[in-house]
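Read off the chains here:
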Amino acid sequence: MSWLSKFSGGHKESGGTKSAGDPRKERPSTPPKIVIDHHEYVPEEFVIGSFRIRPYDGDLIAKQKFDFRLQFDIGGDPVDVACMGVVVKLTDEAGLVARYQPPQPFYERKLVDYMKALKGL
């Protein structure tokens, strides 16, 4: 078996079943944190590409682009990545609703793995 097939998952178990010894990914114990202007927020809603923070007490305004840090912990490995977002909606009722550009591919894969583990997949 080549080293490439080991890392890419190219090998198959006989009979098409997974072995019982495969480790299960541990579910993250903490939700992601979003740091805007040195203030930490736990988003009320978070999906890849957007989030909602309610209540939000910062200085952003509608349609403003902003930099923020996305922090999460996956398998005991803390991840802190810089992202860029844009405010979609900002009201007292809705809170801060923002879209963000995906981070660099390395961090995007970590984020996808984190989201899968968070949802128990």
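Residues numbered from 1 in each chain as written. Predicted model: local features only at pLDDT ≥ 70, side-chain atom pairs only at ≥ 80, totals over all residues. Heavy atoms only, no water.

Engineer: How do you make sense of the confidence of the model for the protein chain when you look at a structure like this?
Structural biologist: Low pLDDT marks stretches whose predicted atomic positions should not be read closely. The pLDDT averaged across the protein chain works out to 83; a share of 79% of its residues lies at or above 70. Per-element mean pLDDT across the protein chain ranges from 54 in helix H1 (residues 3-8) up to 96 in strand S1 (residues 33-36). Residue range residues 16-23 is modelled with pLDDT below 50. Its contacts to residues more than four positions away, or to other chains, number two contacts. (pLDDT = per-residue confidence, 0-100. Helix = DSSP H or I, 4+ residues; strand = E, 2+ residues; numbered from the N terminus. Contact = heavy atoms within 4.5 Å.)

Engineer: How should I be thinking about the sheet that holds S1 in this particular structure?
Structural biologist: Whether parallel or antiparallel, the strands of a sheet pair through hydrogen bonds between backbone atoms. Pairing in this open sheet of seven strands is antiparallel, and the strands run S2-S1-S5-S6-S7-S4-S3 from one edge to the other. A single partner strand is all that each edge strand has here, and the edge strands are strand S2 (39-41) and strand S3 (45-47). Averaged over all pairs of adjacent strands, the angle between their axes in this sheet comes to 30°, without regard to strand direction. Relative to the sheet, helix H2 (residues 105-118) contacts S3, strand S5 (65-74), strand S6 (77-91) and strand S7 (95-100), its axis offset from that of S5 by approximately 55°. (Pairing = 2+ DSSP bridges. Axes fitted to C-alpha atoms, helices over the stretch in contact; angles between N-to-C directions.)

Engineer: Hey, could you run me through the packing of aromatic side chains in this one?
Structural biologist: To describe a pair of aromatic rings, one takes the distance between the centres and the angle between the planes. Applying the stated criterion across every chain, the model contains eight aromatic pairs. Pairing tyrosine 41 with tyrosine 56 gives two aromatic rings, centres 5.4 Å apart and planes at 45°, and the pair type is tilted. You can see tyrosine 41 sitting in strand S2 and its partner tyrosine 56 sitting in the loop between strand S4 (50-53) and S5, a full 15 residues away along the chain. Of the two residues, tyrosine 41 and tyrosine 56, both sit in the buried class. When the centroid spacing of 4.8 Å and the interplanar angle of 35° are considered together, the rings of phenylalanine 72 and tyrosine 114 count as tilted. Residue phenylalanine 72 is found in strand S5, and its partner tyrosine 114 is found in helix H2; the two are separated by 42 residues along the sequence. The residues phenylalanine 72 and tyrosine 114 share a single accessibility class, namely buried. Here the aromatic residues Phe46, Phe51, Phe66, Phe68 and Tyr100 are joined through ring pairs into a cluster of three or more. (Phe/Tyr/Trp six-rings, centres within 6.5 Å; stacked < 30°, edge-to-face > 60°. Buried < 20%, exposed > 50% of the residue type's maximum accessible area, 1.4 Å probe, protein only.)

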